[in-house]
Amino acid sequence: MKEAAAGLGHLLVFSFLFCVGAFMVAPVITDVTMAALCPGRDQCSLAIYLTGLQQAITGLGALVVTPVVGNLSDRYGRKALLALPATLSIVPLAILALNQTRPYFYAYYVAKTLTAMVSEGAMMCLSLAYVADKVPEAQRAVAFGVFSGVCTAGFVAGTIAARFLSVSSTFQVATLSAVAAVVYMRAFVQETDRGASLMRDEEASLLLFAPSSSAEELSPMLPPLRKAPSLLEMVALLTSSSTFTRAAVITFFHSLGETGLQTALLYFLKAQFHYTKNQYANLLLIFGITGSFSQLTMMPLLAPKLGEHKLLGVALLGSCVHGFLYSIAWSFWVPYLAASCVILSILVGPCIRSIVSKKVGPSEQGMVQGCITGISSTASVISPLVFTPLTAWFLSETAPFNFKGFSLACAGFATLVALIMSINMRPAEVQPDNK
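Predicted model, so just to flag it, every value in this text is computed and none were measured.

**Points about a nonpolar patch on the surface**
Link 1 in the chain: A surface patch of nonpolar side chains, about 560 Å² in accessible area, is lined by Ile328, Trp330, Phe332, Trp333 and Leu337.
Link 2 in the chain: Note on placement: Trp330 falls in the loop between helix 12 (277-327) and helix 13 (334-339).
Link 3 in the chain: Judged by relative accessible area, Trp330 falls into the exposed class, the value being 56%.

Pasting the structure below:
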């Protein structure tokens, strides 16, 4: 157990450094985009459409790449595959670290679109599979929450740094953090045994306490692994259990709403309340501190008492309120109040990941986490296609009625669908199927 904790400790440090670099640029990228494409303006349809296009292409690429990377990590190791997204994430940051003029911005845009296909979804997928390899099933929900909390702490640290750095310095420091993450990972993060030690412990428990049970009864059987999973294999996985099916639907609609919120929010705040870099940083800081506190303290306390199913419903309710409150913001301080809802909504991801993780064996964690990430990426493809023109339309002078937050309200309705699906998920479905 001490060896597992040490192994996770190095992973958490690596993830913290990675998230510091990745999220440090979040408060400034909107201003950089606006300055490069529409200097001196608070509303720019071109910036909104390019951001939406980037999210759609990134989501489409992640939909294809992430399940493949997760499957390959089941065969060749988590650390070996983690090096790929961690290294690729350095490239776009380094471009804007040199300059933020229009040519450099377009170079960043292309590099970010291509590298994010691999780095964004695969990073989370591989890290969660690594955690699942190291942590017993009974403690996995808490471990996923702690991992997400450390990532959110990296988000907080990056946002604080961006609050006090100049724009050019922000990208330079972010690049250094991304490089440090790769170096640390290569030096200290140890490869896992893909859950072999956990499997031996589970088999010993079965022999002692349940001699009539077999390993096949604890998780759905999956087809033999290939170099890359086929579409039929992923469909078979998602339909092998009602838990998988409902988790996939919940993930899709929640990601649809969350991506829509991310697509519209910063441009809405720019147009409605004339937010600047510092105000973006303050808002994201509230988001990060609240989310980190929730994942590191509330998740370990509530998950064992409520269970993942009930906690998922509460978290989705918070996500709905989050979106709706942004949409009706009537003053500059209301978005800060809405950001506090993250204390609940941030728990959706760890709950879903823990539920599906318990339905498969240790050697299939990369595959199942990749499939869930792929479902989220599918929503990330569709969401910008819907919310980008909707946001540009209702922020323009040709809007059919005066409701600039209409696209944010639509994002809230998408998460409401996810909430309804979670209510229909029976608590018994969360546990492994027993015959």
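Text resumes after the structure shown.
**A word on the side chain of Ser15**
Link 1 in the chain: Considering the arrangement of structural elements, one finds Ser15 in helix 1 (residues 2-24).
Link 2 in the chain: Judged by relative accessible area, Ser15 falls into the buried class, the value being 0%.
Link 3 in the chain: Other than its neighbours up to four places away in sequence, Ser15 contacts Met123, Ser127, Phe147 and Cys151.

**So, the packing of helix 5 (residues 90-98) against helix 8 (residues 167-188)**
Axis angle and axis distance: for two packed helices, these are the angle between their axes and the distance between the axes, and together they describe the pair.
Link 1 in the chain: Two numbers describe how helix 5 lies on helix 8: the axes approach to 8 Å, and their chain directions differ by 155 degrees. The orientation of helix 5 relative to helix 8 falls into the category roughly antiparallel. The element helix 5 and its partner helix 8 pack so that their crossing is left-handed. Listed contacts from helix 8 to Ile90, Leu93, Ala94, Leu96 and Ala97 of helix 5 are Phe171, Gln172, Ala174, Thr175, Ala178, Val179 and Val182.
Link 2 in the chain: The residue inventory of the contact of helix 5 with helix 8, partitioned by class, reads 10 nonpolar, 2 polar and no charged.

**Section: the packing of helix 3 (residues 45-76) against helix 6 (residues 102-134)**
Link 1 in the chain: At a minimum axis separation of 7 Å, helix 3 and helix 6 run at an interaxial angle of 40 degrees. Taken as axis vectors, helix 3 and helix 6 run oblique relative to one another. Crossing angle aside, the handedness with which helix 3 passes helix 6 is right-handed. Contacts from Leu50, Leu53, Gln54, Ile57, Thr58, Gly61, Ala62, Val65, Thr66, Val69, Gly70 and Ser73 in helix 3 reach Tyr106, Tyr109, Lys112, Thr113, Ala116, Met117, Val118, Glu120, Gly121, Ala122, Cys125 and Leu126 in helix 6.

**Quick notes on the pattern of salt bridges**
Link 1 in the chain: Overall, the coordinates contain 4 salt bridges when judged by the stated rule.
Link 2 in the chain: Lys270 serves as the salt-bridge partner of Asp31, at 3.2 Å between the closest nitrogen and oxygen. Of this pair, Asp31 sits in helix 2 (residues 26-37) while Lys270 sits in helix 11 (residues 242-273); the two residues are 239 residues apart in sequence, bridging distant segments of the chain.
Link 3 in the chain: Overall, the relative accessible area of 21% leaves Asp31 in the partly exposed class.
Link 4 in the chain: Overall, the relative accessible area of 9% leaves Lys270 in the buried class.
Link 5 in the chain: Here Arg78 makes a salt bridge to Asp74, at a shortest N to O gap of 2.7 Å. For the pair shown, Arg78 and Asp74 are each scored as buried.
Link 6 in the chain: One network of salt bridges, in which partners are shared, links Asp74, Arg78 and Asp133.

**Some remarks on the environment of Ala80**
Link 1 in the chain: Checked against the element boundaries, Ala80 lands in helix 4 (residues 78-88).
Link 2 in the chain: Residue Ala80 is classed as partly exposed on the basis of its relative accessible area, which comes to 47%.
Link 3 in the chain: Once the C-alpha coordinates of Ala80 and Glu191 are considered, the two residues, 111 residues apart in sequence, prove to be 7.9 Å apart.

**Focus: the nonpolar core**
Link 1 in the chain: Among the nonpolar cores identified, the biggest contains 76 residues, and Leu11, Phe14, Val131, Phe171, Leu269 and Tyr326 are the most heavily contacted of them.
Link 2 in the chain: For this core, the element with the most residues is helix 6, which contributes 11 residues.
Link 3 in the chain: In contact with Val131, other than residues within four places in its own chain, are Leu8, Leu11, Ala143, Phe144 and Phe147.
Link 4 in the chain: Phe244, Ala247, Met299 and Leu312 belong to the second-largest nonpolar core, a separate cluster that totals 24 residues.

**Side note on the environment of Leu81**
Link 1 in the chain: Inspection of the secondary structure assignment puts Leu81 in helix 4.
Link 2 in the chain: Taking the C-alpha atoms as reference points, Leu81 and Gly70, 11 residues apart in sequence, are found 8.4 Å from one another.
Link 3 in the chain: Excluding residues within four positions of it along the chain, Leu81 makes contact with Val69, Leu72, Ser73, Tyr76 and Leu126.

Rules of the game
Residues numbered from 1 in each chain as written. Predicted model: local features only at pLDDT ≥ 70, side-chain atom pairs only at ≥ 80, totals over all residues. Heavy atoms only, no water. Patch = residues over 30% accessible without salt bridge, like charges linked within 9 Å, V, L, I, M, F, W, Y side chains within 5 Å. Areas by Shrake-Rupley, 256 points an atom, 1.4 Å probe, with all protein chains shown as cover. Salt bridge = Lys/Arg side-chain N within 4 Å of Asp/Glu carboxyl O. Helix = DSSP H or I, 4+ residues; strand = E, 2+ residues; numbered from the N terminus. Buried < 20%, exposed > 50% of the residue type's maximum accessible area, 1.4 Å probe, protein only. Contact = heavy atoms within 4.5 Å. Axes fitted to C-alpha atoms, helices over the stretch in contact; angles between N-to-C directions. Parallel < 35°, antiparallel > 145°, perpendicular 65-115°, else oblique. Left-handed = near helix turned anticlockwise from the far one by under 90°. Nonpolar A, V, L, I, M, F, W, Y, C, P; charged D, E, K, R; others polar. Core = buried A, V, L, I, M, F, W, Y, C linked by side-chain atoms within 4.5 Å.

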